[in-house]
Amino acid sequence: MLYIPFDHYQGQVGGPTTFMRYLHDFLLGHNVEITKDVSDPRIKTIFFFIAFDLDQLKQLKSRGCRIIQRLDGIYYPSKHGVKYRDLNRDIESIYCKLADYVVFQSRYSKLQCSAQFGNPKDFSINDVCDKISKNKIDLSPDFQRYFVWKEIKKQSRLIESIL
């Protein structure tokens, strides 16, 4: 089940609204099940434009829902002055901490976000250790790649570098 807040875009004009309208029509044409109710317990994925209520996203994330954020751009100092940080606060939080996927409007938009917020998929060792301790990384998946590091010395160097 997919939740997309299409109602937020009705009556508006511009690129994001057009994108959402085309997406809606495309999904309906491909028999994708969509709900208009954010509290629907069947939701597996939410797709929204730029930002969404953080509390609702955190609740959906805790239920295992995938979060897809569409970004056409962000606020930046040369245009928005000192308030750009406040304007970007929720966008950045979603981008860096909650979104499983981000759909960028353009390469420029992606570069803008990376320059302002960094790359959320570049995890530090602390982030990885934290995810392991909270069981967010499956250390024994059903499949494994071919064993790459046959030398015990290389294996232990990786482990030691994490500790």
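Rules and cut-offs
- Residue positions are counted from 1 within each chain, in the order its sequence is given.
- Two thresholds apply to this predicted model, a pLDDT of at least 70 for residue-level local features and 80 or more for giving and counting side-chain atom pairs, whereas whole-chain, interface and lining totals are computed over all residues.
- Here the side-chain values reflect all heavy atoms present in the structure, with hydrogen atoms and water set aside.
- We define the nonpolar core as a collection of buried residues of types Ala, Val, Leu, Ile, Met, Phe, Trp, Tyr and Cys that are connected through side-chain atoms lying within 4.5 Å of one another.
- Accessibility here uses a 1.4 Å probe with only protein chains present; expressed as a share of the type maximum, an area under 20% marks a residue as buried, one over 50% as exposed, and anything in between as partly exposed.
- By definition, any uninterrupted DSSP run of H or I lasting at least four residues is a helix, any uninterrupted run of E lasting at least two residues is a strand, and each is numbered from the N terminus.
- Pairing of aromatic rings covers Phe, Tyr and the six-membered ring of Trp, with a centre-to-centre limit of 6.5 Å; geometry is then stacked below 30 degrees between planes, edge-to-face above 60, and tilted otherwise.
- Every residue is assigned a pLDDT by the predictor, reflecting its confidence on a scale from 0 to 100.
- Should any heavy atoms of two residues lie within 4.5 Å, those residues are counted as being in contact.
- For two strands to be treated as a pair, DSSP must find at least two bridges joining them.
- The handedness of a crossover follows from its direction of travel: if, with the strands pointing away from the viewer, the path from the first strand over the helix to the second runs clockwise, the crossover is right-handed.

## Some remarks on the nonpolar core
Moving on, step 1. Ile46, Phe48, Phe52, Leu57 and Ile94 are the most contacted members of the largest nonpolar core, which has 15 residues in total.
Moving on, step 2. Residue assignment for this core shows that the elements contributing at least two residues are β3 (45-49), α2 (54-62) and α4 (84-98).
Moving on, step 3. Core analysis: the next-biggest nonpolar cluster, separate from the first, contains 8 residues, Leu23, Leu27, Phe47 and Ile68 among them.

## Remarks on the packing of aromatic side chains
Moving on, step 1. Under the counting rule described, the total for this entry stands at 4 aromatic pairs.
Moving on, step 2. For the pair Tyr95 and Phe104, a centre-to-centre distance of 6.2 Å together with 75 degrees between the ring planes defines the contact as edge-to-face.
Moving on, step 3. Of the residues examined, Tyr95 reaches a relative accessible area of 2% and is grouped as buried.
Moving on, step 4. Taken together, a centroid distance of 5.5 Å and an interplanar angle of 50 degrees make the contact between Tyr95 and Phe117 tilted. Remark: Phe117 occurs in helix α5 (residues 107-117) and Tyr95 occurs in helix α4; sequence separation between them is 22 residues. Each member of the pair, Tyr95 as well as Phe117, carries the same accessibility label: buried.
Moving on, step 5. Through a chain of ring-to-ring contacts, three or more aromatic side chains come together here, namely Tyr3, Phe48 and Phe52.

## Brief notes about the confidence of the model for the chain
Moving on, step 1. Looking at the chain as a whole, the pLDDT averages 78, with 69% of positions reaching at least 70.
Moving on, step 2. Of all helices and strands in the chain, the one with the weakest mean pLDDT is helix α7 (residues 152-162) (59), whereas α2 scores best (94).
Moving on, step 3. In this model, residues 142-146 is a region of pLDDT below 50 whose contacts with residues beyond four sequence positions or in other chains number 1 contact.

## A short note on unusual backbone geometry
Moving on, step 1. Residues other than glycine seldom take positive phi values, yet Asn31 does so here, at roughly 55 degrees.
Moving on, step 2. Residue position: Asn31 is located in the loop between α1 (15-29) and β2 (34-35).

## Notes on the pairing of strand β4 (residues 66-71)
Moving on, step 1. Burial of β4 is extensive: 5 of the 6 residues sit out of reach of the surface.
Moving on, step 2. Across 5 bridges, β3 lies against β4 in parallel orientation. Among the inter-strand pairings, Phe48 is bridged to a residue of β4, identified as Gln69.
Moving on, step 3. Handedness of the β3-α2-β4 crossover: right-handed.

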